[in-house]
Amino acid sequence: MQENFGEQMAAILAPYKGERGAIIPILQKVQETFGYLPQEATALAARFLRISHSEVYGVASFYAQFRFSRPGDHGVKICLGTACHVKGAELLMDSFKRELGLDSREDVTPDYKFGVESVACFGSCALAPVVVVDDKVYGRVSTSKVKNILKEFE
Ligand code: FES
């Protein structure tokens, strides 16, 4: 957890003083700040809102937008939509994971440098298979390009 975690949380919570229904905007702000919902943050939010931690957790887990584990610093999003699937996106996923030393269940490297996730469709099907790293779009990606793509972010 960052050194100034307490200060960051205080800044997030302050505008919502006395607003018991502010749980969603608070969680959104927490995720915007940290990239996910750290347990320490949801516990603080619960205390601030005077509700139980499990209630906060229950609300957060209802919405797909919230994540509970730390993402990688660089997000590798691999499209597994139909057009990309047909063009070998599964092989690309395997290749990125192999290159990053991740097994099939892992999606973040131990040093949190890279995170890998699948996406349903980027809407750029003509460029299939498509991979997006952070905000950079790569089209017609072949497994031979995987190493070089990752190198750009090291
Ligand atoms: S299916 Fe991959 S971009 Fe549309």
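These numbers were taken from a predicted model, which means no experiment stands behind them.

This part covers the overall build of the chain. Helices and strands together make up the secondary structure of the chain, namely 7 helices and 4 strands. If you list the helices and strands of the chain from N to C, you get α-α-α-α-β-α-α-β-β-β-α. Taken along its principal axes, the extent of the C-alpha atoms in the chain is 55 × 30 × 25 Å. Considering the chain as a whole, with its 154 residues, one finds that 37% of them fall into the buried category. Here the analysis covers contacts within the chain between residues at least 6 apart in sequence; of these, 61% occur between residues at least 24 apart. Split by element, the accessible area of the chain, about 9100 Å² in all, is 50% carbon and sulfur.

Another point: the environment of Lys97. Position of Lys97 relative to the elements: it lies in helix α6 (residues 89-100). The exposure class assigned to Lys97 is buried, which follows from its relative accessible area of 12%. Taking C-alpha positions, Lys97 is 10.0 Å from Phe114, a pair spaced 17 residues apart along the chain. Among residues more than four places away in sequence, those in contact with Lys97 are Leu102, Asp103, Ser104, Arg105, Glu106 and Val116.

Looking now at the nonpolar core. In this structure, Met9, Ile26, Leu27, Val30 and Phe34 are the most contacted members of the largest nonpolar core, which totals 21 residues. Of all elements in the fold, only α1 (5-13), α2 (23-34), α3 (39-49) and α4 (53-62) reach the threshold of two or more residues within this core. When residues in this core are grouped by element, the largest group, 5 residues, is from α2. Not counting the four nearest positions on each side in its chain, Val30 is found in contact with Met9, Ile12, Gly35, Tyr36, Leu37, Pro38 and Ala41.

What follows concerns the domain arrangement of the chain. The domain architecture assigned to the chain consists of domain 1 (5-62) and domain 2 (74-151). Taking only C-alpha atoms into account, the centre of domain 1 sits 32 Å from that of domain 2.

This part covers α3. Regarding α3, the residues found buried are Ala41, Thr42, Ala45, Ala46 and Leu49. Viewed along the axis of α3, the buried residues span an arc of 140 degrees, placing them on a single side of the element. Facing away from the buried side of α3 by more than 90 degrees, the exposed set consists of Gln39 and Arg47. On its buried side, α3 packs onto α1, α2 and α4. Two residues or fewer after α3 comes Arg50, characterised by a positive phi angle close to 55 degrees.

You can see Gln31 is positioned in helix α2. Among the residues examined, Gln31 registers a relative accessible area of 17% and is labelled buried. Engagement of the side chain of Gln31 in a polar contact is seen with the backbone nitrogen of Arg67, the distance being 2.9 Å. Filtering out sequence-adjacent residues up to four positions away, Gln31 remains in contact with Tyr36, Leu37, Gln65, Phe66 and Arg67.

This part covers the packing of aromatic side chains. This structure, assessed with the given rule, holds 4 aromatic pairs. A ring pair is formed by Tyr57 and Phe68, whose centres lie 4.8 Å apart and whose planes are at 40 degrees; its orientation type is tilted. Residue Tyr57 is located in helix α4, and its partner Phe68 is located in the loop between α4 and β1 (74-79); the two are separated by 11 residues in the primary sequence. Aromatic pair Tyr63 and Phe66: ring centres 6.3 Å apart, planes at 90 degrees, arrangement edge-to-face. Note on Phe66: relative accessible area 6%, which makes it buried. Grouping aromatic residues by their ring pairs yields a cluster made of Phe62, Tyr63 and Phe66. Across the ring face of Tyr112, the terminal group of Arg70 is positioned such that the distance to the ring centre comes to 4.1 Å.

What counts and what doesn't
Residues numbered from 1 in each chain as written. Predicted model: local features only at pLDDT ≥ 70, side-chain atom pairs only at ≥ 80, totals over all residues. Heavy atoms only, no water. Helix = DSSP H or I, 4+ residues; strand = E, 2+ residues; numbered from the N terminus. Buried < 20%, exposed > 50% of the residue type's maximum accessible area, 1.4 Å probe, protein only. Contact = heavy atoms within 4.5 Å. Areas by Shrake-Rupley, 256 points an atom, 1.4 Å probe, with all protein chains shown as cover. Core = buried A, V, L, I, M, F, W, Y, C linked by side-chain atoms within 4.5 Å. Domains from an automatic or database assignment. Arc of directions from axis to C-beta. Polar contact = N/O pair within 3.5 Å; in protein donor to acceptor, adjacent residues only side chain to side chain. Phe/Tyr/Trp six-rings, centres within 6.5 Å; stacked < 30°, edge-to-face > 60°. Lys NZ or Arg CZ within 6 Å of the ring centre and 35° of its normal.

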